[in-house]
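Now for the letters of each chain:
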Amino acid sequence: MIERNHLEILRAVHRQGSLTAAAEHLHLTQSALSHSIRKLEQQLGTDLWVREGRQLRLTQSGEYLLSLANRLLPQLEHAEMLVGQFAQGQRGTLRIGMECHPCYQWLLKVVGPYLERWPGVDVDVKQKFQFGGIGALFGHDIDMLVTPDPLHRPGLVFEPVFDYEQVLVVGKDHCLAGRAWAEPEDLERETLITYPVEVERLDIYTRFLLPAHTSPARHKTIETTDIMLQMVAAGRGVAALPRWLVADYASRIPVVPVQLGASGIPKQIFLGLRERDREVDYLEAFMELARGTVQGFAGNDVFG
């Protein structure tokens, strides 16, 4: 009774905002689109939309079918893409989701060698997800998730690929630059610059400032690492980043790392994937290459 085209129409109307725009997006006439939905409503015995002025509002039944569309359609589209690639002699596409802003720099060092070794596999990187990283894995929007904070769920596996240390980043002329480590109260007069991430997911807060019941004078967010470090070098604030990333930039931007606390803040980066995909050869190969590449960098003191 419920067909794929019905789900596609519901999703398109929700995304495009109107029947007219949805019809254009799906290359249908508006009358054909409306007829298809009316027929489904008659079969189901319930309305899927109600009109409120010029706006359409989904009913409870419509909301349920929309959630079903958002779960099923990405899986069907992914399956069709893979089968098409298999038919053309390709291995597939590795879609990587990023929940770690600075890890993009690391990923660039892994993707190049991977593409050389696996010419039949394409790589796509996604940094924003409709349902978050875990939801993107379950919804087949991505095949692998790069994250420093894995959420273990049945059906998913996470493997650590490298260890690193989270450090405070200051300009070379900053008063903390020569210190062995920084204390939480040292940041009480500082502007802390971070990526635009919830405070609850920032280690500088959860593992350093909040346990000491303190906070910086100001908190500023910047999306790009380059601008963030330029601001730090100019004395406009301090930041918290992986030591390996600071080492990578230190040759061209005058910044230095300072240990956070006497014991430091150790971290790990994990690669997560669906458990049933664990034996897919080109996914496993990416994990192995990631671990090997990181070990090579560690030997050059990049990851410290």
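Residues numbered from 1 in each chain as written. Predicted model: local features only at pLDDT ≥ 70, side-chain atom pairs only at ≥ 80, totals over all residues. Heavy atoms only, no water.

UniProt's entry tags residues 1-59 with the feature "domain: HTH lysR-type" (unreviewed entry), counted in the numbering of this structure. In residues 1-59, the share of helix is 59% and the share of strand is 14%. The end C-alpha atoms are 19 Å apart. (UniProt positions renumbered as here; feature names shortened; annotations may be inferred. Helix = DSSP H or I, 4+ residues; strand = E, 2+ residues; numbered from the N terminus.)

With that settled, consider the nonpolar core. Judged by nonpolar contacts, the single largest core of 44 residues is most densely connected at L94, W106, Y114, L271 and F286. Here the element with the most residues in this core is helix α10 (residues 281-299); it accounts for seven residues. The contact partners of L94, leaving out residues within four places of it in the chain, are Y114, V121, D122, V123, D124, D143, M144, Y282, L283 and F286. Within the second largest apolar cluster, 19 residues are counted, among which are I37, L48, W49 and L66. (Core = buried A, V, L, I, M, F, W, Y, C linked by side-chain atoms within 4.5 Å. Buried < 20%, exposed > 50% of the residue type's maximum accessible area, 1.4 Å probe, protein only. Contact = heavy atoms within 4.5 Å.)

Turning to unusual backbone geometry, a few remarks are in order. Despite not being glycine, H27 has its phi angle at roughly 60 degrees, a positive value. Relative to the elements of secondary structure, H27 occurs in the loop between α2 (19-25) and α3 (30-44). One non-glycine residue, H213, lies in positive phi territory at about 55 degrees. The residue H213 is located in the loop between α7 (203-209) and β9 (218-221) in this model.

Right, let's get into the domain arrangement of the chain. One can read the domain layout of the chain as domain 1 (4-85), domain 2 (91-161 + 268-295) and domain 3 (163-266). On a C-alpha basis, the centres of domain 1 and domain 2 stand 31 Å from each other. Contacts between domain 1 and domain 2 engage nine residues on the former and eleven residues on the latter. Across the interface of domain 1 and domain 2, roughly 700 Å² is buried in total on both sides, 47% from carbon and sulfur atoms. Taken together, domain 1 and domain 2 are joined by zero residue pairs in polar contact (both at pLDDT 80 or more). Here the side of domain 1 that touches domain 2 takes eight residues from helix α4 (residues 60-87), the largest share from any one element. (Domains from an automatic or database assignment. Buried area = accessible area lost by both parts, 1.4 Å probe. Polar contact = N/O pair within 3.5 Å; in protein donor to acceptor, adjacent residues only side chain to side chain.)

Counting buried positions along strand β10 (residues 238-242) yields five of five residues, so the element is predominantly enclosed. Where strand β8 (residues 191-194) and β10 come together, two bridges link them in parallel fashion. By the bridge assignment, L192 is partnered in β10 with V238. (Pairing = 2+ DSSP bridges.)

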